[in-house]
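Spelled out from the first residue to the last, the chains are:
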Amino acid sequence: MLSTEQNRLVTETKPGTPAGELLRRYWQPAALVEELQGERPVMPVRLLGEELVLFRDDAGVYGLIGRHCAHRGADLCYGRLEDGGLRCPFHGWLFDVAGRCLEQPAEPVTSNFHRKVRHPGYPVREASGILFAYLGPGEPPPLPTFDCFRAPGSHTFAFKGHIDANWLQSLEVGIDPAHAAYLHRYFEDAEADEAYGLQFRDRVDNTEIPLTQLMRQFPNPQIEVETTGYGLRIFALRDLDDTRRHVRVTNLAFPQAIVIPLSTDMTLTQWHVPIDDRQSWWYAIFTAFSAPVDQAQMRADRVKLIETPGYRPRRNRTNHWGYDAAEQRARTYTGMGEDINVHDAWAVESPGPIADRTREHLGTTDRAIIANRKLLFAALDAVGKGEPPMALADPANPLAIDTVVPLDGWDAAWRAAEARRRAASPWASRQ
């Protein structure tokens, strides 16, 4: 349970707020690369409460600058891509990818006024299908050396979706492994017919047990949390008998990303990014260890569920997330279809755009949520004192796996299973 003031501190991210200043110290997903693939690579971006415009100049360099012209506030989303930047149609002011004003053609020829203009401009970096931006002070930090950034492009796929709620609500669902035993539960006679439902139909590593069956039979996992250099490593442990333990490893890459297992071959790295205080995006990079992924098919599967452009779920708050009482009785636990993102969206959005954490009652399965809030408040305190927050340049890559290992020595055994997966990978084995 948080106080009203504590809840405000961790949910408000506009410029000048404590959490806003913290998140600006990290690279933020700003758009998918695919969103700027058209004939006119210019798009509006609302990020951490700031109104911005993202574009690619005629040299192929990406820029993220203030959306409203520094002259008289005209909307630069309607600007012209020309002469090495984005030109405002109102009076011709030209801005480059860093926000520098290059020209003011209506001013006297001898004027140097353009050199005095300071327009917001932020560094942009492309990585694994996502355009990341750094909105903070000083030199940006390096991107963390996670698998999703080290894997070749053939083995990754990036996508995103809209969430009608605050960023922290999404993150706190992501670091809550206990919820999957209920929220993503399917009944024995149900057959998955949507892509995301297949995740929980997959067999647990080294067994013939479907993951959904295992979670249904063992709904009360033991949750353990380990603090790491990148954030938190979260264990959901289920003792299957006197000799075997099911181990599912989830990671929090502080402050906004989770790294989780999707199958014996694939992991998911997902960021929860504030649009403003009442809505957010999830950005995801799917990373395969063995064979290349079929990116066209993965995209086709997702656009059945998420509309493009716009990246808004077809099932959402406005249509009650597709809830069907008959389905809830016989097919899925939620009655909201097979797509686990819909289940998560309901869990995130139904408390309201900003959850009232003064009324919650956290239990033993919420250990990761409690641990993350401690990290958040410590980081907010550090930034408030002018100190750097937690760095992510930790050599210990977030390892995500779902496996069954001997009960004795389980900690070493899951690491060995992860090492075998990497050793068999055509790219991870070379890292």
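Scroll up to find the structure.
Rules of the game
Sequence order sets the numbering: in each chain, residues are counted from 1 along the sequence as written. Confidence filtering applies because this is a predicted model: local features only for residues at pLDDT of at least 70, side-chain atom pairs given and counted only at 80 or more, and all residues used for totals across whole chains, interfaces and linings. Side-chain measures were taken over the full set of non-hydrogen atoms in the model, leaving aside hydrogen atoms and water. Of the grid points, spaced at 1 Å and generated over the protein atoms alone, those admitting a 1.4 Å probe that cannot get out make up cavities, while open sets with protein on both sides within 12 Å along at least five of seven lines make up pockets; any residue with an atom within 4 Å of a point is treated as lining. Grid points are joined across faces, edges and corners, and a volume is the space filled by probe spheres set on the points. For helices the rule is a DSSP run of H or I covering at least 4 residues; for strands it is a run of E covering at least 2, with both sets numbered from the N terminus onward. Any residue outside Ala, Val, Leu, Ile, Met, Phe, Trp, Tyr, Cys, Pro, Asp, Glu, Lys and Arg is labelled polar, Gly included; the first ten of those are nonpolar and the last four are charged. To estimate how far a helix should reach, multiply one less than its number of residues by 1.5 Å. The buried label applies to any residue whose accessible area, calculated with a 1.4 Å probe on protein chains only, is under 20% of its type's maximum; exposed applies above 50%, and partly exposed to all values in between. The contact criterion used is simple: two residues touch if any of their non-hydrogen atoms lie within 4.5 Å. Buried Ala, Val, Leu, Ile, Met, Phe, Trp, Tyr and Cys residues that are joined via side-chain atoms within 4.5 Å together make up what is termed a nonpolar core. Two strands qualify as a pair provided that DSSP identifies no fewer than 2 bridges between them.

Asker: Can you help me understand the layout of surface pockets in this one?
Answerer: One water molecule sets the probe size; rolling that probe over the atoms shows where empty space is left. Volume-wise, the second largest pocket comes out at about 550 Å³. Val 173, Asp 176, Ala 347, Pro 351 and Ile 369 are, among the 21 residues lining the second largest pocket, the residues nearest its centre. Those elements that place two or more of their residues in the lining of the second largest pocket are α4 (167-174), α9 (340-349) and α10 (367-384). Per-class residue counts for the lining of the second largest pocket are 9 nonpolar, 5 polar and 7 charged.

Asker: Please explain α10 as it appears in this structure.
Answerer: An α-helix turns once per 3.6 residues; consequently, residues spaced three or four apart project the same way. Over its 18 residues, α10 extends 26 Å from the first C-alpha to the last, a length consistent with the 26 Å expected when each residue adds 1.5 Å. Of all the residues in α10, the buried ones are Ala 368, Ile 369, Ala 371, Asn 372, Arg 373, Leu 375, Leu 376, Ala 379, Leu 380, Ala 382 and Val 383. Residues of α10 that are buried in the fold lie against α1 (4-11), α2 (18-23), α4, β13 (222-227), β14 (231-239) and β15 (244-253).

Asker: I tried to follow the nonpolar core on my own but got confused; where do I start?
Answerer: A general trend in soluble globular proteins is that nonpolar side chains are found buried together. Judged by nonpolar contacts, the single largest core of 83 residues is most densely connected at Phe 149 and Trp 271. Of the residues forming this core, the biggest block, 8 residues, is contributed by α10. The residues touching Trp 271, leaving out its near neighbours within four places in the chain, are Pro 29, Ile 130, Phe 132, Cys 148, Phe 149, Gln 256, Ala 257, Trp 281, Trp 282, Tyr 283 and Ile 285.

Asker: It is not clear to me how the pairing of β14 should be interpreted in this structure. Could you clarify?
Answerer: Residues in a regular strand project their side chains so that they alternate between the two faces of the sheet. Here β14 lies mainly inside the structure; 8 of its 9 residues are buried. In this structure, the hairpin formed by β13 and β14 is closed by a connection of 3 residues. Where β14 and β15 come together, 9 bridges link them in antiparallel fashion. Residue pairing for β15: Leu 237 is matched across the bridge by Val 247. The hairpin turn running from β14 into β15, its antiparallel successor, is 4 residues long.

Asker: For this particular structure, what's the right way to read the pairing of strand β16 (residues 257-261)?
Answerer: A large share of β16 lies buried, amounting to 5 of its 5 residues. Alternating positions in β16 separate into two faces, Ala 257, Val 259 and Pro 261 on one and Ile 258 and Ile 260 on the other, with burial throughout. Across 3 bridges, β15 lies against β16 in antiparallel orientation. In the sheet register, Leu 252 faces β16, and the bridge partner there is Ile 258. Here β15 folds back onto β16 in antiparallel fashion, the turn holding 3 residues. Two strands pair when backbone bridges link them, and β16 and strand β17 (residues 266-276) are joined in this way by 5 bridges, in the antiparallel orientation. Bridged to Ile 258 within β17 is Gln 270.

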